[in-house]
Each structure stands twice: as structure tokens, then as C-alpha cells.
Amino acid sequence: MRERSAQGVPGYDLFIDAHHPNLKGYLAVSELVATQILNLVGEQGATLRALDADCVATIFQFDDEKRYWMFVNRGRWFTRLSTWRYDSKARLDQAHAMFEAAGEVAPGRMEPQLGHAIIHYLRMEIVEARARIVIARAINPEGAESYLAEPWIQQIVDRAYN
């Protein structure tokens, strides 16, 4: 993993967080496992073919809808993690990047708007948060209200106003 990492230390180029690999990380792990299996069984003439992200996406039918939800869920996870740490900036920046990526995959959907709104609330940027909520409500009123009613979201919003 160190050899595959940008700076020689496994980080966010291979992991979503401290414990969970991203797609590139899983590809690296799978190659390492396959290599060890071949070493153990000693198959003559066996070849190991490295897979790239496009090939994996095809095999697992990882279409734009799945990519969209991957980005939204990662954004939500980073947002939630930011509330657990003393220095939330890095996690909020990662969440922002995930919501931006989701918006690029599927423009005009509600979830990235709400994600950005919660980031703004956590940064105490109330005007920006409200603007994002207005956009989300215009896209999907019921979905926006349902998300905003979640207890952890309510805690963030309440804290921003107190």
C-alpha cells in the first residue's frame, strides 16, 4: 500500500477514512491478495491481470446512479465525522468535495444541496445554509423535509442558531 500511495504513506488517495479503502485501495488490496494466492499455489504460467477502475465499474455494474449515491453517502459520512473531531475543517472539506462530485454526476438533485447546507451550518454560515435548503426544497420538498427532520441534522441546525 505504501508503494501505491502518493507520498509513500497510505492516505486519502487509497482510503475513504482511517479504516475503509476507496475503489483504488480495494484494487490494490485485491492485487496483493491475488499475487499471494498465486505465490502459494505456484501455478505455472498463471498470469495476473490488473484491473482498472473502469473495468471494475463494468464488472460490478457501477453506473452513474451508484456513483452518485457513493459520493452522497461519503459526503454524509465525512460530515458526520466532522462533528466527532476537534478539527472539523479537513472532514468538511472532504464532504464538500464529495457533494460537488455527486452534483457533477447528477446535476439538479436535492441531496448535494442538503449536504452543502449542513456543511454551511457546521461552519456557522447561516445565510449560505438557508440558500441551499431553499434550492433543495424546490427540487424535492418532501425529501428535503424528511432529511432535515433527522435527529443528527436537527442537532446541527439547532447548534448553528444557539
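Scroll up to find the structure.
Let me sum up the structure you'll find in this document. Keep in mind it's a predicted model, so treat the numbers as computed, not measured.

### Re the nonpolar core
Okay, step 1: The biggest cluster of nonpolar side chains holds 17 residues, and the ones touching the most others in it are Leu114, Ile118, Tyr121, Ile133, Tyr147 and Ile153.
Okay, step 2: Elements that contribute at least two residues to this core include exactly helix 5 (110-122), helix 6 (126-139), helix 7 (141-148) and helix 8 (151-161).

### Details of the packing of helix 5 against helix 6
Okay, step 1: Contact pair helix 5 / helix 6: the axes reach a minimum separation of 8 Å and the direction vectors enclose 160°. Relative to helix 6, the element helix 5 lies roughly antiparallel. Regarding helix 5 and helix 6, the two cross each other, and that crossing is left-handed. Every residue of helix 6 that contacts helix 5 at Met110, Gln113, Leu114, His116, Ala117, His120 and Tyr121 is listed here: Ile126, Glu128, Ala129, Arg130, Arg132, Ile133, Ile135, Ala136 and Ile139.
Okay, step 2: Residues that form the contact of helix 5 with helix 6 fall into these classes: 10 nonpolar, 3 polar and 3 charged.

### Overview of the pattern of salt bridges
Okay, step 1: Going through the model one piece at a time under the given rule, you end up with 5 salt bridges.
Okay, step 2: Between Lys89 and Asp93 there is a salt bridge, and its shortest N-O distance comes to 2.7 Å. Here Lys89 pairs with Asp93, and both are found in helix 4 (residues 89-105), just 4 residues apart, close to one helical turn.
Okay, step 3: Note on Lys89: relative accessible area 53%, which makes it exposed.
Okay, step 4: The class for Asp93 is partly exposed, based on a relative accessible area of 30%.
Okay, step 5: Between Arg123 and Asp93 there is a salt bridge, with the nearest N and O atoms lying 2.8 Å from each other. Here the residue Arg123 occupies a position in the loop between helix 5 and helix 6, and Asp93 occupies one in helix 4, the gap between them amounting to 30 residues.
Okay, step 6: Taken together, the shared-partner salt bridges connect Lys89, Asp93 and Arg123 into one network.

### Examining the packing of helix 3 (residues 64-82) against helix 4
Okay, step 1: Where helix 3 contacts helix 4, the axes come no closer than 8 Å and their chain directions differ by 160°. Of the possible angle classes, the one that applies to helix 3 and helix 4 is roughly antiparallel. Seen from above, helix 3 lies across helix 4 with left-handed handedness. On helix 4, the residues touching Asp64, Arg67, Tyr68, Phe71, Val72, Arg74, Gly75, Arg76, Phe78, Thr79, Leu81 and Ser82 of helix 3 are Arg91, Leu92, Gln94, Ala95, Met98, Phe99, Ala101, Ala102 and Val105.
Okay, step 2: In terms of residue class, the contact of helix 3 with helix 4 is made up of 12 nonpolar, 4 polar and 5 charged.

How each quantity is defined
- Counting restarts for each chain: residues are numbered from 1 in the order of the written sequence.
- For a predicted model such as this one, the threshold for reporting local features is a pLDDT of at least 70, and the threshold for listing and counting side-chain atom pairs is 80 or more; totals across whole chains, interfaces and linings nevertheless cover every residue.
- Excluding hydrogens and water, the side-chain figures rest on all heavy atoms present in the structure.
- To define a nonpolar core, start from buried Ala, Val, Leu, Ile, Met, Phe, Trp, Tyr and Cys residues and group those joined through side-chain atoms within 4.5 Å.
- Throughout this description, buried means an accessible area under 20% of the type-specific maximum (1.4 Å probe, protein chains only), exposed means over 50%, and partly exposed covers the range between.
- Helix numbers and strand numbers start at the N terminus; a helix is a DSSP run of H or I with at least 4 residues, a strand a run of E with at least 2.
- Helix axes are fitted only over the stretch in contact, all axes being lines through C-alpha atoms; the angle between N-to-C directions runs from 0 to 180 degrees.
- Between 65 and 115 degrees an angle is taken as roughly perpendicular, under 35 as roughly parallel, over 145 as roughly antiparallel, and anywhere else as oblique.
- Crossing handedness is defined as follows: a turn of the near helix away from the far one that is anticlockwise and smaller than a right angle gives a left-handed crossing, while the clockwise case is right-handed.
- Residue contacts follow a heavy-atom distance rule, with two residues in contact if any of their heavy atoms lie within 4.5 Å.
- All residues other than Ala, Val, Leu, Ile, Met, Phe, Trp, Tyr, Cys, Pro, Asp, Glu, Lys and Arg, Gly among them, are scored as polar; the first ten of these are nonpolar and the last four charged.
- Salt bridges are identified by distance alone: a Lys or Arg side-chain nitrogen within 4 Å of an Asp or Glu carboxyl oxygen.

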